[in-house]
Every structure is written in structure tokens, then in C-alpha cells.
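Summary of structural features
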Amino acid sequence: MQNNKQMIRIKLRGFDHRLVDQAAADIIEAVKRSGTCAVGPLPLPTWIEKFSVNRSPHKDKKSAEQFELRTHKRLIDILNPNADTMDALKKVNLPSGVEIAVSV
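Structure report, in brief. Everything quoted here is computed from the prediction, not taken from an experiment.

**Here's the deal with the overall build of the protein**
Helix and strand counts for the protein stand at 2 helices and 4 strands. Taken from the N to the C terminus, the helices and strands of the protein come in the order β-α-β-β-α-β. Relative to the 2.2 N^0.38 estimate, which gives 13 Å for 104 residues, the radius of gyration of the protein is 19 Å and therefore markedly larger than a compact globule would have. If you line up the protein on its principal axes, its C-alpha atoms span 70 × 30 × 15 Å. Partitioning the contacts of the protein with sequence separation of at least 6, the portion at a separation of at least 24 is 75%. A total accessible area of about 7700 Å² is found for the protein, and carbon and sulfur atoms account for 51% of it.

Structure follows, in C-alpha cells:
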């Protein structure tokens, strides 16, 4: 049995979960068209960053506004990629607002 398994790991991050899911679906579709197996998209924990800001610097010190920033993440693994898979990944059109990190 051969033990030369290769894998490409793609991490997607974005503030809008619909854009991240759409980008993941586009990547999965492109990989399946090239005839390669893909695992995912696996949802990773959402990172929530919360901010509290005073409404006024002089008056009503106890009054504050609260904001939060949610970062949604997805993970896709591509098993045994070939040249067609790499070409298909290069041609995928990703929406703006989605960050992609590819590791081999």
C-alpha cells in the first residue's frame, strides 16, 4: 500500500456567514468537477469580539453602546489533489469580504 497521501487545507474567514458559506460551496463544486475528493466545509467556532464605547465623553458616563464583531470560519480539506484541481481552484471567483488561506 502506498503512503504518499497529499492534502490541501483551505481556511475561509469572513464577517458575513452567507458569503463564507457561498465561497465554500463554490470551492467544493470546483473540486468535485475536477474529480477529486473534498472533505468539508467544516464550521469552526465563531470568534466574537465585543466592544463597549461611552456614548458621551462628558455627560452620562454610565451610558455606553456595545458592538460586536463576529468572524465566521470554515475548513475544507482536499484529498489527493491533481493538476486539474489546482487549475480549478485558481479559477474560482471568491466574493470580496472572504479571506482564504491555503496550506499544502
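Still more ground to cover, so stick around.
**Focus: helix H1 (residues 17–33)**
For H1, spanning 17 residues, the distance from its first C-alpha to its last is 24 Å, which sits close to the expected 24 Å at 1.5 Å a residue. What H1 keeps buried is the set Val-20, Ala-23, Ala-24, Ile-27, Ile-28, Ala-30 and Val-31. For H1, the buried positions fall inside an angular range of 165 degrees around the axis, keeping them on one side. In H1, the exposed positions angled more than 90 degrees off the buried face are occupied by Arg-18, Lys-32 and Arg-33. Where H1 is buried, its residues touch strand E1 (7–14), strand E2 (37–54), strand E3 (64–79), helix H2 (83–91) and strand E4 (98–103). Just past H1, the residue Gly-35 takes up positive phi, approximately 85 degrees.

**Describing unusual backbone geometry**
The step from Gly-40 to Pro-41 runs through a cis peptide bond, and the omega angle for that step is 5 degrees. You can see Pro-41 is positioned in strand E2. At Asn-80, a residue that is not glycine, the phi angle is positive and equals roughly 50 degrees. When you line up the elements, Asn-80 lands in the loop between E3 and H2.

Scoring rules and cut-offs
Numbering of residues starts from 1 in each chain and follows the order in which that chain's sequence is written. For this predicted model, a pLDDT threshold of at least 70 governs which residues receive local features, and a threshold of 80 or more governs which side-chain atom pairs are given and counted, while totals over whole chains, interfaces and linings are taken from all residues. To get the side-chain values, all heavy atoms of the structure are used, and hydrogens and water are removed first. We count a stretch as a helix when DSSP gives it H or I for four or more residues in a row; a strand needs E for two or more, and each element gets its number in order from the N terminus. All radius of gyration figures rest on C-alpha atoms, and the globule criterion is 2.2 Å times the number of residues raised to 0.38. Contacts were defined at the residue level, with two residues in contact if any of their heavy atoms lie within 4.5 Å. Per-residue and other accessible areas were derived by the Shrake-Rupley procedure at a 1.4 Å probe size, with only the shown protein chains allowed to occlude residues. A helix is expected to span 1.5 Å for every residue after the first. Buried, partly exposed and exposed residues are distinguished by accessible area as a fraction of the type maximum, computed with a 1.4 Å probe on protein chains only: under 20%, between the cut-offs, and over 50%, respectively. To obtain the arc, one takes the directions from the helix axis to the C-beta atoms.

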